[in-house]
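A closer look at the structure
Spelled out from the first residue to the last, the chains are:
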Amino acid sequence: MSTLRYGVAYYDEYMPYERLDADIAMMKAAGINTVRIAESTWSTHEPQNGVFDFTSVDRVLDAMHAAEIAVIVGTPTYAVPTWLVKEHPDVLAVTPKGPGKYGARQIMDITNPAYLFHAERIIRKLISRVCKHPAVIGYQTDNETKHYDTAGENVQLLFVKYMREKFGTLEEINRRFGLDYWSNRINSWEDFPSVVGTINGSLGAEFGRFQRGLVTDFLAWQVALVNEYKQPGQFVTQNFDFEWRGHSYGVQPSVDHFAAAEAFDIAGVDIYHPSQHKLTGTEIAFGGDMARSLKRSNYLVLETQAQAFPHWTPYPGQLRLQAFSHLASGANMVAYWHWHSIHNSIETYWKGLLSHDFQPNPVYNEAVTIGRDFARLSGSLYGLRKKNKVAVMVSNEALSAMEWFKLPDGKNYNDVVRWLYDGLYRMNIECDFIHPGYEGLSGYSLIIVPALYAVSDEALERLNAYVKQGGHAVYTFKSGFADETVKVRTTVQPGIISEACGIGYSLFVTPHEVRLKSGNADISAGDNSVETWMELITPTTAEVLLRYDHPHWGEYAAVTRNCYGQGSATYIGCMTSREMADSILKTAVQEAGLWGADQELAFPLIVKTGINPQNQTVRYYLNYSDLRQSLVYPHGPAVELLSEREIAPKEELELAPWGVAILLEQ
Amino acid sequence: MSTLRYGVAYYDEYMPYERLDADIAMMKAAGINTVRIAESTWSTHEPQNGVFDFTSVDRVLDAMHAAEIAVIVGTPTYAVPTWLVKEHPDVLAVTPKGPGKYGARQIMDITNPAYLFHAERIIRKLISRVCKHPAVIGYQTDNETKHYDTAGENVQLLFVKYMREKFGTLEEINRRFGLDYWSNRINSWEDFPSVVGTINGSLGAEFGRFQRGLVTDFLAWQVALVNEYKQPGQFVTQNFDFEWRGHSYGVQPSVDHFAAAEAFDIAGVDIYHPSQHKLTGTEIAFGGDMARSLKRSNYLVLETQAQAFPHWTPYPGQLRLQAFSHLASGANMVAYWHWHSIHNSIETYWKGLLSHDFQPNPVYNEAVTIGRDFARLSGSLYGLRKKNKVAVMVSNEALSAMEWFKLPDGKNYNDVVRWLYDGLYRMNIECDFIHPGYEGLSGYSLIIVPALYAVSDEALERLNAYVKQGGHAVYTFKSGFADETVKVRTTVQPGIISEACGIGYSLFVTPHEVRLKSGNADISAGDNSVETWMELITPTTAEVLLRYDHPHWGEYAAVTRNCYGQGSATYIGCMTSREMADSILKTAVQEAGLWGADQELAFPLIVKTGINPQNQTVRYYLNYSDLRQSLVYPHGPAVELLSEREIAPKEELELAPWGVAILLEQ
Amino acid sequence: MSTLRYGVAYYDEYMPYERLDADIAMMKAAGINTVRIAESTWSTHEPQNGVFDFTSVDRVLDAMHAAEIAVIVGTPTYAVPTWLVKEHPDVLAVTPKGPGKYGARQIMDITNPAYLFHAERIIRKLISRVCKHPAVIGYQTDNETKHYDTAGENVQLLFVKYMREKFGTLEEINRRFGLDYWSNRINSWEDFPSVVGTINGSLGAEFGRFQRGLVTDFLAWQVALVNEYKQPGQFVTQNFDFEWRGHSYGVQPSVDHFAAAEAFDIAGVDIYHPSQHKLTGTEIAFGGDMARSLKRSNYLVLETQAQAFPHWTPYPGQLRLQAFSHLASGANMVAYWHWHSIHNSIETYWKGLLSHDFQPNPVYNEAVTIGRDFARLSGSLYGLRKKNKVAVMVSNEALSAMEWFKLPDGKNYNDVVRWLYDGLYRMNIECDFIHPGYEGLSGYSLIIVPALYAVSDEALERLNAYVKQGGHAVYTFKSGFADETVKVRTTVQPGIISEACGIGYSLFVTPHEVRLKSGNADISAGDNSVETWMELITPTTAEVLLRYDHPHWGEYAAVTRNCYGQGSATYIGCMTSREMADSILKTAVQEAGLWGADQELAFPLIVKTGINPQNQTVRYYLNYSDLRQSLVYPHGPAVELLSEREIAPKEELELAPWGVAILLEQ
């Protein structure tokens, strides 16, 4: 596995005519060395209950092996066959919208015993059959697994038991969830109403946490099954994905990625992103940073776009830029979904490397150059390690709670996360993601905490201690507001972190024609408007960085910084323009001592850095623009690997539009 | 009760920790002299079927009494406990959207006998327990009661019986409702289809009337129960509310306020309104005029906003302005929803006087000044009486019918009502609301009739007679078009009122680039565009005030005035700009002899006037703007009560931004 | 029947008071010579199961006959009576939204045996009663019949049998529909899942085709019943309608008009269109061309608007212009929906010739002039025949498939059809509609093929042969992409037509700031932007007419023309502005040798031409504008029929705003 992998998802089952040899020949020409198979084709492999047919698996494995292409085998459980649903209609999840209908994938109740029985059997049949095949390097369990909002009576029963297990008594539940409100008290376990109709955000958010737990358990169960067959050297991965806004956007609401990742050997991920004139690389970095953080190690990009949709078909050069950007974030594999475009069903316009005509095309031709470079440079580029000093703390609980208590203008938790994350990206600050339970905070010089709305006392106290001991933290509005059952804290806000932040507030308003006034020349922006949310902050010990410019709210602070112990905490009490957020972040980065030569460069010139297993420093310079860019190379003597040209310090480096340079420091 | 009441809703049940004494101390400091309790906490008071626990009620009553704070006790029936729904799922209303789900308040079938049985028992238990407690001054039945669109089979059965009772025969129903259309005839009572799927607007509107009748009956039933326990000096009220557009907006579609109010001793109301830069006071006046008109007497503001939402948190001064504006409309109580902000559930961001931290804050601090002034000035300000000469005739039937036959651009009945009402407000014309059945029309000099679309012959004939005998009426488009079963009249439109209006029309069109041409210098506006609707009017005896400026419709009249008997009728055949409507209204007000010194002032300077029980004239001058305003005081010698300063006629009076002056004429 | 018919829909059943004699007197005054009755009043004619009452039919027939007004009798089956639904709730269609509710029309399962039994009985009772009445000239079956998305279990069962009949084996179905995808394979007939939840576009589109087949069968069944009673000289027609966008817009998605029309004697149609300043006549031409093409003969306009909605009430002159435009397209009847405006129910604001007051009004008065001219000119204007040399090929299958695979910006198939059709209309090119199965292609000089997305090999090969033999074709993007089961072709696109078009493409993208560059002075437009869709075309033998102006896609062709055999094929690979499309079409029309004097005129001056049964050429000149228009008459000596004035060649002809001239060449 210690080689870069360039891959595709491959579906022999979907082919309109015999293609296997022709496809393999074209793959070899493109340097494809890995394929992923079988994760969506249960009905082909088990056409009737207990009747198995692995013809397509067998022949693909054999042919791939003959061509020295490795195979990742997926368990085919995320799309259920027709016969199973006919026999057991209750395998379909009952959701708040009602009973399910057969057709789509990802519609099952992942707690349903009929589903689990049949899923286990197909997994055992398939994995036991393939595990010793020399082509197989690893497994993917299911695909983009979520809870599909399963909320039927059986799930409700599990939830009630979960609540009793977790909280002990109804008295405790009534108190912590505030169920007296609107006569929602539960005074006997039999009375526990279906949570589907609840208006209690605490209860609703807890149900979300419970549902995410179902996903963690389901995946761990699959991994345990596969592990029974897994051979030395093989791995088990999962294809995690993200909040979807027509493309990968932010923290996944339905899965606790950190918890779910524990069972796996290596994290896998799919990343789809805007393209053409909208390509910025931000989602590649975001998804890569998240995937890398799950196991704190390298990861696999199990799916990303080739041609994909009409609005994603890459401009010349973009496919290369994307591929190297994934490596630069720490990926050891870049695989496309998918090899060939599908001729029927629903994803016909989510095109693969090949169009429906299976002919070479400009995108495939560009892939050929990537495959060649991956093979040639694998030794230098495989296994890139990061030692980031900046972390962004993200939380499913905060996300979920903010779905119940939405920001006024429809923005959600991930908008706040991306507002800051994107700023770091633009200033070439690479970062890890951590969750509130993470205990190694002191490994970081700067921790960014966007909208940590619902969180335990312990986590906040750990953050206070981190600052006290010399760390730097940047909080946004809404952080610390509610506890882990989404009960608003009864102290002056922002609650426990008030101590490190040196501020308090009790009022917050919706901004209307509000601007920011700076008392600090370092923090400014052309666009100093405020949107979405503003807290009316009174500093206790904090310095005011920005104040509101408004006839009535002008006395209040908007952004503050406080020295606390050996460290400092910045608090951003409102949503600013991206430009202003960048200015605040820059100050925090500088204070944390993390501003260097690569930060003087900025988007569209992106720099990503790491150490390869040979302990060499590798720097990727990525041009996310349609214009030629140049820079004065600020580091030590290096070789640019793509051109095999030596680069001296201070030498001017030119990047073509959508171009890449990879500098291996000597 | 003959004292101004300054109040809050108080929920001991929702407290995250013991707060009672601390809260009472803060209430006393703020001049809070009344609290409302218990209207949403059934599940706390009856935790299991037949098990009662009034601990929180008892201790609050005792503590309030000790602090000399009066208490209004609500019947806790608008939010049902979990055990009741588990035992009897059919207490949830079946609506056109299907069966209900437990969670929210206001989801019951108010005709369901299980609900009624348990509601009666908790009412009797609670009210019998508290009625002799010296803290209790009155009761509120249920809260914001509506029919919740209950439309299940049992309700359909009641409706069929109601139809038979009201119309006698199916032949009559088929004829009056036009059921031959699209084969909808009902030729046997057994065939009467559920009205849920009906496309017959007459039938649908009749079902709406029937549903409003359920509300009237349900409230009267609750009042009768409470009256069995009510002690001398105590009152029963209801918290009526309004069409909701994110705030109180217009006539309530689901309740016939006039009919429902009959059972009560005093009208209560909740009024929520835009704030900050959007505060105009219009909804305070509208809701107050409606509440005052229900019993033609003073009323209680049982709920209005303290901090409320982020976009409502008041600017400094606004809370005071709002409080005195309520008094100026005739309120005897101003109570906030609610005392403290809630830490869980759904209304967490609908904040109270106190934030979640229970600390004094700017809004609470402003309330302290209000409480002090209420106490000091109660003798002069309590019991303000109005003798308005202008009435606005509103109708649930017209509203309901216009939901079935919508205006082309999505405007509804209340948009038409507010288009004119707001004009009156801006020119400081105070008014009453009346309904079409009101028989005292001659008490008014001017009656405004917006879009009285569905109405009986009798009501229109009464209006004709009113004009004939010297009254002045202003009708808008669509008035008189259909009868009380929403059958369009078969005569030349506008039907019966054609006689008083001196016009006829048979065509109406949607305006496109149509303007108004004036033949009358008094009526003009910068914005003379026409929108929404235009009737192509031909005068018979009427004078044309405005004509359409359009290549094809230019021959038709748009706005007319007709002398009829001793009075006059103005007919506005199209939706004009607000400015043009104001100009038309001004002319009508002048013709009715109602234009005085206070009408020379105008929004944002609002004037409201009344007579106190000592027969003194009280004038409120309210500055609804962010700018200082001044006026020349046009009345006799007075004392400004807030400053205790004497004001002479013609003296210049200055009002701070969002400021108030209260002039007691000597 | 060989006389122009001027008609109305007449509903004695809906009258609020006795109107028959008065209405007939007004009809006679207006030249109304035909009424349509009975198509929506089942519940009146059969008030209880098996109890019949045809009083209103009888009296209307007798009175009309006495007045020499002919009657078309409709079968009253498209709106079911209350008693039928109470007895047999399953007559209501179960749709993807769930079970139906009584109230609206067109809610039945047209395969339900209870419905069919009762429909047959009322049809037989009614038609047998009226067929020999001398007033009756013909019959309409049902009204605007569709499948109402019926998709319950019984319909699913029929569909499974249809699939087995059509495709033979599941293996064939799995292959052609690509059911391996997402585990959708069906390996046993019992497993066939309800298609309601399917995500397979091929399957979904096939279900659509099956549903359209139900409509064809249902109508043929009704026609067969009526034919048992039909007397010599009587006809059976159906009221076909169109994709509805608040007015008639395009090809009807739910009915295969060509197939369904086969059973009928004459095509009928309803056409509703924008009016007032939005009146262009395009829908009158579109609907007329479609209706005329169904039986390749004259047709009846069974419904069109009189006053209709407030936004449709015609300007003076428009009703005349509309009426003659219908004749100019080949209609032999123009009938209004409806005589009088309805006083109850739902279509109260869809007004008739008469308003609710039954008085003469400006629209009725204009109708009087039309009726007079129809009677006077019937001999010259009845039975206009067309010999169009241009056809537009439209396809329900392409439409349906493009609903499953939507264009990125929400445009649908009909947007593409209308984009080109409207261009032809504006340049006075009259055309027929043909379907892909039509075998007489060689009768046309130019065939326009918009977005023929899903189509059989045979149809495309027929088009290739047509071009080879000297025909001219204009294709748009997406044509030929998928086969008749919506499986994308596996060859280079545009598949089979690549041969005639001389091009290939494998990439397509969403345009962003893309313009067209012309290499051809004849094809240009002020607005040369590209929207919606663009294919990146590489010519093989084709000439490039337009190329993309874009930094990355500039090498690709956008619009091409190819000589192939004796003919030529133009391919439009992107959606252009209307102006650019017109320019491309003009070139194609010229190449086909169809550009003449009337094409030098252009919208708003519309010309329509035909030959009457006396073999005289009749030319309609129609002014679709608010401005007076003039033209130099370019044909031989003629009489203008409305003015009875002789017109010499080259004489200037003036048309009033919304005016009409009808020139009978001598």
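About the cut-offs
- Residues numbered from 1 in each chain as written.
- Chains lettered and ligands numbered in written order.
- Predicted model: local features only at pLDDT ≥ 70, side-chain atom pairs only at ≥ 80, totals over all residues.
- Heavy atoms only, no water.
- UniProt positions renumbered as here; feature names shortened; annotations may be inferred.
- Contact = heavy atoms within 4.5 Å.
- Buried area = accessible area lost by both parts, 1.4 Å probe.
- Salt bridge = Lys/Arg side-chain N within 4 Å of Asp/Glu carboxyl O.
- Polar contact = N/O pair within 3.5 Å; in protein donor to acceptor, adjacent residues only side chain to side chain.
- Helix = DSSP H or I, 4+ residues; strand = E, 2+ residues; numbered from the N terminus.
- Nonpolar A, V, L, I, M, F, W, Y, C, P; charged D, E, K, R; others polar.
- Buried < 20%, exposed > 50% of the residue type's maximum accessible area, 1.4 Å probe, protein only.
- Axes fitted to C-alpha atoms, helices over the stretch in contact; angles between N-to-C directions.
- Parallel < 35°, antiparallel > 145°, perpendicular 65-115°, else oblique.
- Least-squares fit on C-alpha atoms with pLDDT ≥ 70 in both.
- Core = buried A, V, L, I, M, F, W, Y, C linked by side-chain atoms within 4.5 Å.
- Domains from an automatic or database assignment.
- Phe/Tyr/Trp six-rings, centres within 6.5 Å; stacked < 30°, edge-to-face > 60°.
- Lys NZ or Arg CZ within 6 Å of the ring centre and 35° of its normal.
- Pairing = 2+ DSSP bridges.
- Right-handed = clockwise from strand over helix to strand, strands pointing away.

An unreviewed UniProt entry annotates chain A as Beta-galactosidase originating from Paenibacillus riograndensis. If you open the UniProt record of chain A and go to Sequence similarities (unreviewed entry), you find "Belongs to the glycosyl hydrolase 42 family." What UniProt states about chain A under its Catalytic activity (unreviewed entry) heading is, verbatim, "Hydrolysis of terminal non-reducing beta-D-galactose residues in beta-D-galactosides."

For an interface, size is often stated in terms of accessible area lost upon the parts coming together. Each partner contributes to the interface: chain C provides 51 residues, whereas chain A provides 52 residues. Here chain C packs against chain A, burying approximately 4100 Å² in sum over the two surfaces, 57% of which is carbon and sulfur. Summed over the three residues of chain C that lose the most area to chain A, namely Tyr181(C), Trp182(C) and Ser183(C), the buried surface amounts to 20% of that side. Scanning the region where chain C abuts chain A turns up zero salt bridges. In this assembly, chain C and chain A are joined by 29 residue pairs in polar contact (both at pLDDT 80 or more). Mapped onto the side of chain C that touches chain A, the elements with two or more residues apiece are α7 (170–177), α8 (201–227) and β16 (508–509) of chain C. At three residues, the largest contribution of residues to the side of chain C that touches chain A is made by α7(C). Classifying every residue of the side of chain C that touches chain A by side-chain character gives 23 nonpolar, 19 polar and nine charged.

So, about the UniProt feature "active site" (unreviewed entry) in chain A. All names here are of chain A. UniProt records the feature "active site" (unreviewed entry) at Glu-144 and Glu-303, using the numbering of this structure. Across 160 residues of sequence, these annotated residues stay compact in space, with a maximum C-alpha separation of 10.6 Å. Its location among the elements puts Glu-144 in the loop between β4 (136–140) and α6 (153–167). Accessibility expressed as a relative area gives 8% for Glu-144, which makes it buried.

What follows covers the packing of helix α6 (residues 153–167) of chain B against helix α8 (residues 201–227) of chain B. All names here are of chain B. α8 packs onto α6 with a crossing angle of 105° between their chain directions and a minimal axis gap of 11 Å. Our classification of the angle between α6 and α8 gives roughly perpendicular. Each of Val-155, Leu-158, Phe-159, Tyr-162, Met-163, Lys-166 and Phe-167 in α6 lies in contact with α8, whose residues at this interface are Leu-203, Glu-206, Phe-207, Arg-209, Phe-210 and Leu-214. Residues that form the contact of α6 with α8 fall into these classes: 10 nonpolar, no polar and three charged.

Another aspect to go through is the relation of the copies chain C and chain A. Note on the identical chains: chain C maps onto chain A by a rotation of 120° and an axial translation of 0.0 Å, with an RMSD of 0.1 Å. Here the two chains are linked by the operation of a three-fold rotation axis.

Another aspect to go through is the nonpolar core. In this structure, Trp339(A), Tyr453(A), Val73(B), Trp339(B), Tyr453(B) and Tyr453(C) are the most contacted members of the largest nonpolar core, which totals 665 residues. Filtering out sequence-adjacent residues up to four positions away, Tyr453(C) remains in contact with Tyr349(A), Ala398(C), Ala401(C), Met402(C), Phe405(C), Lys478(C), Ser479(C), Gly480(C), Phe481(C), Ala482(C), Val486(C) and Val488(C).

Residue and element names in this part refer to chain A. When the domains of chain A are assigned, the result is domain 1 (390–593) and domain 2 (601–665). A straight line from the C-alpha centre of domain 1 to that of domain 2 covers 33 Å. In this assembly, domain 1 packs against domain 2 so that about 570 Å² is buried in total across both faces, 47% of it on carbon and sulfur atoms. Of all residues in domain 1, Tyr-425, Asn-428 and Glu-430 bury the most surface against domain 2, accounting for 81% of the area lost on that side. If you look at where domain 1 meets domain 2, you find zero salt bridges.

This next bit is on the UniProt feature "domain: Glycoside hydrolase family 42 N-terminal" (unreviewed entry) in chain A. UniProt records the feature "domain: Glycoside hydrolase family 42 N-terminal" (unreviewed entry) for residues 10–375 of chain A in the present numbering. Secondary structure across residues 10–375 of chain A divides into 39% helix and 12% strand, with the first and last C-alpha atoms of the span separated by 20 Å.

Quick look at the packing of aromatic side chains now. Scanning the model with the defined rule gives 144 aromatic pairs over all chains in all. Here Phe167(A) and Phe177(A) contribute two aromatic rings whose centre-to-centre distance is 5.2 Å and whose plane-to-plane angle is 90°, an arrangement assigned as edge-to-face. In this pair, Phe167(A) sits in helix α6 while Phe177(A) sits in the loop between α7 (170–176) and α8 (201–227), placing the two residues 10 residues apart along the sequence. Each member of the pair, Phe167(A) as well as Phe177(A), carries the same accessibility label: buried. Judged by centre distance (6.2 Å) and plane angle (80°), the ring pair of Trp339(A) and Tyr364(A) falls under edge-to-face. Remark: Tyr364(A) occurs in helix α12 (residues 362–381) and Trp339(A) occurs in the loop between β10 (331–337) and α12; sequence separation between them is 25 residues. Pair check on accessibility: Trp339(A) and Tyr364(A) agree, each one buried. One aromatic cluster in this structure is built from Tyr11(A), Tyr14(A), Trp244(A), Tyr272(A), Phe309(A), Trp312(A), Trp337(A), Trp350(A), Tyr181(C) and Trp182(C). In this arrangement the basic side chain of Arg418(C) is found over the ring face of Tyr249(C), its NZ or CZ atom lying 4.5 Å from the centre.

What follows covers the pairing of strand β10 (residues 331–337) of chain C. All names here are of chain C. Among the seven residues that make up β10, seven are buried, leaving the element largely enclosed by the rest of the structure. Pairing of strand β9 (residues 299–305) with β10, which is carried by five bridges, proceeds in the parallel orientation. Residue pairing in the sheet places Val-301 in a bridge with Val-334 of β10. Taken together, β9, helix α11 (residues 318–329) and β10 form a β-α-β motif whose crossover is right-handed.

Turning next to the interface of chain C and chain B. Between chain C and chain B, the contact holds 51 residues from the first and 50 residues from the second. For the chain C and chain B pair, buried surface summed over both sides reaches about 4100 Å², with 57% attributable to carbon and sulfur atoms. Three residues, Asn344(C), Ser345(C) and Tyr349(C), lead the burial of chain C against chain B; their summed loss comes to 17% of the area buried on that side. At the junction of chain C and chain B, the tally comes to zero salt bridges. Where chain C touches chain B, the interface holds 29 residue pairs in polar contact (both at pLDDT 80 or more).

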